[in-house]
Amino acid sequence: MQKFRFEYLAASLLALCTFSATASGNESESNERPPNVVLIMADDLGWKDLHCYGNEEVDTPHLDRLAQQGLLFTDAYSAAPVCTPTRAALMTGESPARLNITNHAGGHPNNFQKPGTDLITPTWLRHLPLERVTLAEQLKAAGYATGFVGKWHLSHRSRSTSSTDADLPTEPELRPEHQGFDINIGGCRFGGPPSYFSPYGIPNLEGKTDGEYLPDRCADECIDFITSAQADGNHPFFLCWCNYSVHYPFQAPADLIAKYEKRTGPGVENPTYAAMIEGMDTAIGKLLDSIDQQGLDEDTLVIFTSDNGPFDANVEPLREEKGFLYEGGIRVPMIVRWPGHVSAGTRTATPTITMDIHATILDVTNLKADPSNTPDGISLLPLLENESELKRESIYFHYPNYAFHKQNRLGSAVRSGDYKLIKYYDDDSVELYNLNEDISESQNLAKQMPEKADKLLARLEAWLKETNASQPQHAK
């Protein structure tokens, strides 16, 4: 299996021997090789879970070092409060509303109505169609070696015996290797691993030894991919490592759990969860050390973030958690390192969203958005290089579905400057918060500031119309 993967990678690199920066109709102004790109996305990691984001009880020295070497974002957002929509937005650069991939796969049944309510959720797409042009496909066409490791969760296909579904792709045909990645290790329909210890139960990731820890194994696979890609020095690489950590089931090495059992209290309410965070950090550190030791750090853009807020974790001072449009569900950590371009040890409060990552990677690799995609993000490159602030009024969110816990209200949201407005579909009410003064979203200002609320609501409604966002309907 291992031999096949790297023979496949070698064949892919050979096929790209005509690499040039003119891919996708973009003429490069120089002959310099574009940077390597390493994109690391954690799963369900909260905004305050890392030591460098304020949790002094959890040890994350490697991500702390990454922040010391780069730019830390205090106001970064996931495209959605659950995983599948955010991942689809990352791959395409389009918002979940525009994609109509608005909930986690497979989620609740179509036309789901929560008992005791009269709202019927709209039908949404549960997988990323093959005809969508992904970031990996564009980079591969531009000469990049492309590797995917970890959680995909964009290949869900409902089981059906309908004859109309006979010609539709099966779940394995929707995995990363069919969406632009030369190799795919562990990416399938799973939202979480059956086990974090081998044997994992993941169909395309067999354990090498019983008891090996999934984050460590994935780090090794990432390093192997980069090493193989470096064997052909004419081609840059794009590595997308979507960690299964720290998604349920909560499992970690016994020594780490024992360590955090001694720290139980504020910041370590769940010792196993804290141990998972450190275990993920250690695995990421292995990859970062390998990049540095191979002398690739100055030629490699590294982006770290999370797909949404945490589940069953302490989010204070934020409100709520995964599945909610409050800050606890959508505000996430984000760190960018790129020596020579990004100043070390810096931070910014500029609001950003997942689709910006897609736009930024295209920009730094001298590519433009594919004509079939409608960009909903903007490049962060001027901000990264400290040349100018982002020129954008607002960022938007649309979640017309119930999360797995069914505790959220169906809604949409807009953040503009310091203000954030949430619209709810059950009673058409709105909530308005000044996040600069009230990060906990404890004081609804909608009645005190009706003009501001009306302005942001009108802006949100216009965006929903422009993206053709699906809407919940009241039962008749």
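What you see is a predicted model, and the numbers here were worked out from it, not measured in a lab.

A. Representation of the overall build of the chain in the model. Secondary structure assignment for the chain yields 12 helices and 15 strands. Taking 2.2 N^0.38 as the reference for a compact globule, 476 residues should give roughly 23 Å; the C-alpha atoms of the chain span a radius of gyration of 21 Å, in line with that estimate. When the backbone C-alpha atoms are referred to their principal axes, the chain occupies close to 60 × 55 × 55 Å. Going through the 476 residues of the chain one by one, you find that 59% of them count as buried. Pairs at least 24 apart in sequence give 71% of the contacts found in the chain among residues at least 6 apart. Carbon and sulfur atoms make up 49% of the accessible area of the chain, which amounts to about 18800 Å² in all. Where the 41 positive side-chain charges of the chain centre and where its 66 negative ones centre are 4 Å apart.

B. Highlighting the state of the cysteines. For the structure shown, the criterion picks out zero disulfides. Cys-222 provides the cysteine sulfur closest to Cys-218, a residue in no disulfide bond, and the two sulfurs are 6.7 Å apart. Cys-222 sits in the buried class, given a relative accessible area of 0%.

C. Highlighting the pattern of salt bridges. Taken as a whole and judged by the stated rule, the model has 29 salt bridges. Where Glu-171 meets Arg-175, a salt bridge forms, and the shortest distance between an N and an O atom there is 2.7 Å. We classify Glu-171 as buried; its relative accessible area is 11%. Between Asp-356 and Arg-392 there is a salt bridge, with its nearest N and O atoms 2.7 Å apart. Of this pair, Asp-356 sits in helix α10 (residues 354–364) while Arg-392 is found in the loop between α11 (381–384) and β11 (395–399), placing the two residues 36 residues apart along the sequence. One salt-bridge network, held together by shared partners, links Asp-75, Glu-327, Arg-331, Arg-415, Lys-420 and Glu-441.

D. The arrangement of the sheet that holds strand β13 (residues 419–424) in detail. Taken together, four strands build an open sheet; the order of strands is β11-β12-β13-β14 and the sheet is antiparallel. Sheet topology places β11 and β14 (430–434) at the edges, where each strand pairs with a single neighbour. With strand direction ignored, the average angle separating the axes of adjacent strands in the sheet is 15 degrees. Of the pairings in the sheet, the one linking β13 to β14 comprises five bridges and is antiparallel in character. For Lys-423, the partnering residue across the bridge sits in β14 and is Val-430.

E. Examining the packing of helix α7 (residues 254–261) against helix α8 (residues 271–293) more closely. The contact between α7 and α8 brings their axes to 8 Å, and the two run at 125 degrees. By the angle between their directions, the pair α7 and α8 is classed as oblique. Considering only the axes of α7 and α8, their crossing is right-handed. Residues Leu-256, Ile-257, Lys-259, Tyr-260 and Glu-261 of α7 form the contact with α8, whose own contacting residues are Pro-271, Thr-272, Ala-274, Ala-275, Glu-278 and Gly-279.

F. Focus on the confidence of the model for the chain. Averaged over every residue, the pLDDT of the chain is 92; the share at 70 or more is 92%. Note on residues 1–30: pLDDT under 50 across the span, and 51 contacts to partners over four residues away in sequence or across chains.

G. Structural view of helix α6 (residues 214–230). Between the first and last C-alpha of α6 there are 24 Å, a value that for 17 residues agrees with the 24 Å anticipated at 1.5 Å per step. Taken together, the buried positions of α6 are occupied by Leu-214, Pro-215, Arg-217, Cys-218, Ala-219, Glu-221, Cys-222, Ile-223, Phe-225, Ile-226 and Ala-229.

H. Quick peek at helix α12 (residues 450–466). If you check α12, its first and last C-alpha atoms are 24 Å apart, about what 17 residues at 1.5 Å a residue would give, namely 24 Å. Of the residues making up α12, those classed as buried are Ala-453, Leu-456, Arg-459, Leu-460, Trp-463 and Leu-464. Along the axis of α12, the buried residues cluster in a sector spanning 140 degrees; they form a single face. In α12, the exposed residues that point more than 90 degrees away from the buried face are Glu-451, Asp-454 and Lys-465. Against α4 (96–99), β11, β12 (411–416), β13 and β14 lie the buried residues of α12. Asn-468 sits one or two positions beyond α12 and adopts a positive phi of about 55 degrees.

I. Broad picture of the side chain of Arg-415. Within the secondary structure layout, Arg-415 lies in strand β12. Among residues more than four places away in sequence, those in contact with Arg-415 are Asp-75, Tyr-77, Arg-331, Pro-351, Glu-393, Ser-394, Ile-395, Lys-420 and Leu-435.

J. Quick peek at the packing of helix α3 (residues 83–92) against α10. Taken N-terminus to C-terminus, the directions of α3 and α10 make an angle of 20 degrees; their axes are 7 Å apart at the nearest point. The angle between α3 and α10 places the two elements in the roughly parallel class. The two elements α3 and α10 meet at a crossing, and its hand is right-handed. Each of Thr-86, Ala-89, Leu-90, Met-91 and Thr-92 in α3 lies in contact with α10, whose residues at this interface are Thr-354, Met-355, Ile-357 and His-358. Here the contact of α3 with α10 is built from residues that sort into five nonpolar, four polar and no charged.

The rules behind each value
- Residues numbered from 1 in each chain as written.
- Predicted model: local features only at pLDDT ≥ 70, side-chain atom pairs only at ≥ 80, totals over all residues.
- Heavy atoms only, no water.
- Helix = DSSP H or I, 4+ residues; strand = E, 2+ residues; numbered from the N terminus.
- Rg over C-alpha atoms; globule rule 2.2 N^0.38 Å.
- Buried < 20%, exposed > 50% of the residue type's maximum accessible area, 1.4 Å probe, protein only.
- Contact = heavy atoms within 4.5 Å.
- Areas by Shrake-Rupley, 256 points an atom, 1.4 Å probe, with all protein chains shown as cover.
- Lys, Arg positive; Asp, Glu negative; His and termini not counted.
- Charge placed at Lys NZ, Arg CZ, Asp CG, Glu CD.
- Disulfide = S-S within 2.5 Å.
- Salt bridge = Lys/Arg side-chain N within 4 Å of Asp/Glu carboxyl O.
- Pairing = 2+ DSSP bridges.
- Axes fitted to C-alpha atoms, helices over the stretch in contact; angles between N-to-C directions.
- Parallel < 35°, antiparallel > 145°, perpendicular 65-115°, else oblique.
- Left-handed = near helix turned anticlockwise from the far one by under 90°.
- pLDDT = per-residue confidence, 0-100.
- Expected span 1.5 Å × (residues − 1).
- Arc of directions from axis to C-beta.
- Nonpolar A, V, L, I, M, F, W, Y, C, P; charged D, E, K, R; others polar.

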